[in-house]
Amino acid sequence: MRLELSCAIEIFSGASSEAIAGYAKAVIDGRIIYVSGTTGRDPVTNEFPEDPAQQARNALSSINDTLRQAGSSLADAVVSRVFVTDAEAASAVVPVLGEVFGDIRPTSTFLICQIPASGARVEIEITASRSDSVILG
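Overview of the structure. (Residues numbered from 1 in each chain as written. Predicted model: local features only at pLDDT ≥ 70, side-chain atom pairs only at ≥ 80, totals over all residues. Heavy atoms only, no water.)

Here Ser36 shows up in strand S3 (residues 32-39). Here Ala24 takes part through its backbone oxygen, which lies 2.6 Å from a polar atom of the side chain of Ser36. Ignoring any residue separated from it by four or fewer positions in sequence, one finds Ser36 in contact with Tyr23, Ala24, Lys25, Ile124 and Glu125. (Helix = DSSP H or I, 4+ residues; strand = E, 2+ residues; numbered from the N terminus. Polar contact = N/O pair within 3.5 Å; in protein donor to acceptor, adjacent residues only side chain to side chain. Contact = heavy atoms within 4.5 Å.)

Here it is as structure tokens:
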């Protein structure tokens, strides 16, 4: 019988909400990387662009940066969960998702709901699977 022990590794972005709400930007558990819901703030201004498509691009870029820290990338996505505030945002975001995930084809959940950050119209959560050959140091 083989016993495998898993030691989860947490990645933090430094956002104050991580400490306040008690969460990590991502958690690596073996080969699986769980990235928390990520909104699309502009990385320079820290403001939300008006355009939901740009918010989606910003969120996906931030997620990809986090996945790279974990030895992975969006190309390894197996699950996507996308939350938008309204049908207009949904129409703007869907083509962006197609550009990014068209060849990857993770499972997907897409919901219209409220997002508890003023100005946010998009939030994206990703689960990815990395190869066994990745060594984090």
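Moving on to the pairing of strand S5 (residues 107-112). With six bridges connecting them, strand S4 (residues 77-84) and S5 associate as parallel partners. The partner of Ser80 across the bridge, within S5, is Ser108. Crossover connection from S4 via helix H3 (residues 87-101) to parallel S5: handedness right-handed. (Pairing = 2+ DSSP bridges. Right-handed = clockwise from strand over helix to strand, strands pointing away.)

The next thing to look at is the nonpolar core. Core analysis: the biggest nonpolar cluster contains 26 residues, and Leu67, Ile124 and Ile126 have the highest contact counts within it. Elements supplying a minimum of two residues to this core: strand S2 (26-29), S3, helix H2 (52-69), S4, H3 and strand S6 (122-129). Ile126 has contacts with Ile33, Tyr34, Val35, Ile63, Leu67, Leu74, Ala77, Val79, Ser80 and Phe101, leaving out every residue within four places of it along the chain. (Core = buried A, V, L, I, M, F, W, Y, C linked by side-chain atoms within 4.5 Å. Buried < 20%, exposed > 50% of the residue type's maximum accessible area, 1.4 Å probe, protein only.)

Let us look at the pattern of salt bridges. Throughout the structure, instances matching the rule amount to three salt bridges. Across the pair Arg81 and Glu125 runs a salt bridge whose closest N-O atoms are separated by 3.1 Å. With Arg81 in strand S4 and Glu125 in strand S6, this residue pair connects regions lying 44 residues apart in the sequence. Across the pair Glu88 and Arg121 runs a salt bridge, and its minimum N-O distance is 3.5 Å. (Salt bridge = Lys/Arg side-chain N within 4 Å of Asp/Glu carboxyl O.)

Pairing within the open sheet is mixed, and its six strands lie in the order S1-S2-S3-S6-S4-S5. One side of each edge strand has no neighbouring strand; the edge strands of this open sheet are strand S1 (9-11) and S5. Each adjacent strand pair in this sheet contributes to an overall mean axis angle of 10°, direction not counted. Where H3 meets the sheet, its contacts fall on S4, S5 and S6, and the angle it forms with S4 comes to roughly 160°. (Axes fitted to C-alpha atoms, helices over the stretch in contact; angles between N-to-C directions.)

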